[in-house]
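# Results of the structural survey
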Amino acid sequence: MKNAFLTFERWTTFIAMLGACAMLAVSASLGMFQIITRFVLEQPAEWTEVLIRFSLIWMVFLAIPAAFRQGAMVSVDVLYRWSPPKIRRVLDWVVSLAALSLIGIIIWWGWDYAQRGGVQSMAGLESVSMFWAYLAMPVGGLFCIVGIIGNLIDPLRMELETAQ
């Protein structure tokens, strides 16, 4: 069961990181397009700024699960280093439960915000609902839950190995 969940977690984190990388590529491409249209063609496209902003938001919420999986988000390094192994496991649980609580709140209110924003349209893109922009919070949160549980089951502690 543990190996099956960790395999599932690897795939979901990989998919989330692919999405984050795609959103970074979209925002960089739109930024270049905006520079060309604004300064070379002297006819700026208003819609690019909005899409850059929301692709960056999606990028962040899709990249956070990888940070959770590596144990690099909520960190109690000093306590962890000074504690005996049994206390370290308790710290793992406390940090994971706190992170899951926070992500639960983000999912709950993110979904509520997305539903309320569904009647709004994006400035510059009147045909696109704000629902799609706000949906980044609950979608990223669901990926985060898998990463947090994966880190609890099989901690990587990558930030402790690279700390100076």
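Residues numbered from 1 in each chain as written. Predicted model: local features only at pLDDT ≥ 70, side-chain atom pairs only at ≥ 80, totals over all residues. Heavy atoms only, no water.

When its secondary structure is counted, the protein shows 7 helices and 2 strands. The N-to-C order of helical and strand elements in the protein reads α-α-α-α-β-β-α-α-α. Whereas a compact globule of 164 residues would reach a radius of gyration of roughly 15 Å, the protein reaches 19 Å, over 25% beyond that. Overall, the protein is about 65 × 35 × 30 Å in size when its C-alpha atoms are taken along their principal axes. The buried share of the protein, taken over its 164 residues, is 37%. When contacts within the protein are restricted to residue pairs at least 6 apart in sequence, long-range pairs at least 24 apart make up 70% of them. (Helix = DSSP H or I, 4+ residues; strand = E, 2+ residues; numbered from the N terminus. Rg over C-alpha atoms; globule rule 2.2 N^0.38 Å. Buried < 20%, exposed > 50% of the residue type's maximum accessible area, 1.4 Å probe, protein only. Contact = heavy atoms within 4.5 Å.)

Turning to the environment of Met-17, a few remarks are in order. Within the secondary structure, Met-17 sits in helix 1 (residues 2-40). Owing to a relative accessible area of 31%, Met-17 belongs among the partly exposed residues under this scheme. Between the alpha carbons of Met-17 and Ala-66 there is a distance of 7.1 Å; along the sequence they are 49 residues apart.

According to the stated counting rule, one finds 5 salt bridges in the structure shown. Here Arg-38 and Glu-49 are joined by a salt bridge, their closest N and O atoms 3.1 Å apart. Taken together, the residues span a long stretch of sequence, with Arg-38 in helix 1 and Glu-49 in helix 2 (residues 47-69) at a distance of 11 residues. Its relative accessible area of 38% is what places Glu-49 among the partly exposed residues. Salt-bridge contacts for Asp-154 lead to Arg-69; the nearest nitrogen and oxygen are separated by 3.3 Å. Residue Asp-154 is found in the loop between helix 6 (136-153) and helix 7 (158-162), and its partner Arg-69 is found in helix 2; the two are separated by 85 residues along the sequence. One salt-bridge network, in which partners are shared between bridges, spans Glu-9, Arg-69 and Asp-154. (Salt bridge = Lys/Arg side-chain N within 4 Å of Asp/Glu carboxyl O.)

In this section: the packing of aromatic side chains. Going through the model one piece at a time under the given rule, you end up with 6 aromatic pairs. Aromatic side chains Trp-11 and Phe-14 sit 6.1 Å apart centroid to centroid with 90 degrees between the ring planes, which places their arrangement in the edge-to-face category. One end of the pair, Trp-11, and the other, Phe-14, are both in helix 1, 3 residues apart, so they sit about a helical turn from each other. With relative accessibility at 45%, the residue Phe-14 sits in the partly exposed group. (Phe/Tyr/Trp six-rings, centres within 6.5 Å; stacked < 30°, edge-to-face > 60°.)

With 18 residues, helix 6 should cover 26 Å at 1.5 Å per step; its first-to-last C-alpha distance of 26 Å lies within 8% of that length. Within helix 6 the residues assigned to the buried category are Ala-136, Pro-138, Gly-140, Gly-141, Phe-143, Cys-144, Val-146, Gly-147, Ile-148, Gly-150, Asn-151 and Leu-152. Where helix 6 is buried, its residues meet helix 1, helix 2, helix 4 (85-117) and helix 5 (131-134). (Expected span 1.5 Å × (residues − 1).)

Our focus in this paragraph is the environment of Gln-43. Tracing the backbone shows Gln-43 in the loop between helix 1 and helix 2. A sequence separation of 73 residues divides Gln-43 from Arg-116, and the C-alpha atoms of the two residues are 34 Å apart. The contacts of Gln-43, once residues within four sequence positions are left out, are Thr-37 and Arg-38.

In this section: helix 1. Each full turn of the α-helix corresponds to 3.6 residues, which orients residues three or four apart in the same direction. With 39 residues, helix 1 extends 56 Å from end C-alpha to end C-alpha; this agrees with the ideal 57 Å at 1.5 Å per step. Every buried residue of helix 1 is accounted for by Leu-6, Glu-9, Thr-12, Thr-13, Ala-16, Gly-19, Ala-20, Ser-27, Leu-30, Gly-31, Gln-34 and Thr-37. A positive phi of about 55 degrees marks Glu-42, the residue just after helix 1.

Next up on the list: a nonpolar patch on the surface. Taken together, Met-32, Ile-35, Ile-36, Phe-39, Val-40 and Leu-41 make up a surface patch of nonpolar side chains, about 630 Å² in accessible area. Among the structural elements, Phe-39 can be located in helix 1. (Patch = residues over 30% accessible without salt bridge, like charges linked within 9 Å, V, L, I, M, F, W, Y side chains within 5 Å. Areas by Shrake-Rupley, 256 points an atom, 1.4 Å probe, with all protein chains shown as cover.)

To continue, consider the packing of helix 4 against helix 6. It is the contact of helix 4 with helix 6, at a shortest axis distance of 8 Å, that shows an interaxial angle of 170 degrees. Between helix 4 and helix 6, the angle falls in the class roughly antiparallel. When the axes of helix 4 and helix 6 are compared, the crossing they make is left-handed. Of helix 6, the residues touching helix 4 (which contributes Arg-89, Asp-92, Trp-93, Ser-96, Ala-99, Leu-100, Ile-103, Ile-106, Ile-107, Gly-110, Trp-111 and Tyr-113) are Met-137, Pro-138, Gly-141, Leu-142, Cys-144, Ile-145, Ile-148 and Leu-152. (Axes fitted to C-alpha atoms, helices over the stretch in contact; angles between N-to-C directions. Parallel < 35°, antiparallel > 145°, perpendicular 65-115°, else oblique. Left-handed = near helix turned anticlockwise from the far one by under 90°.)

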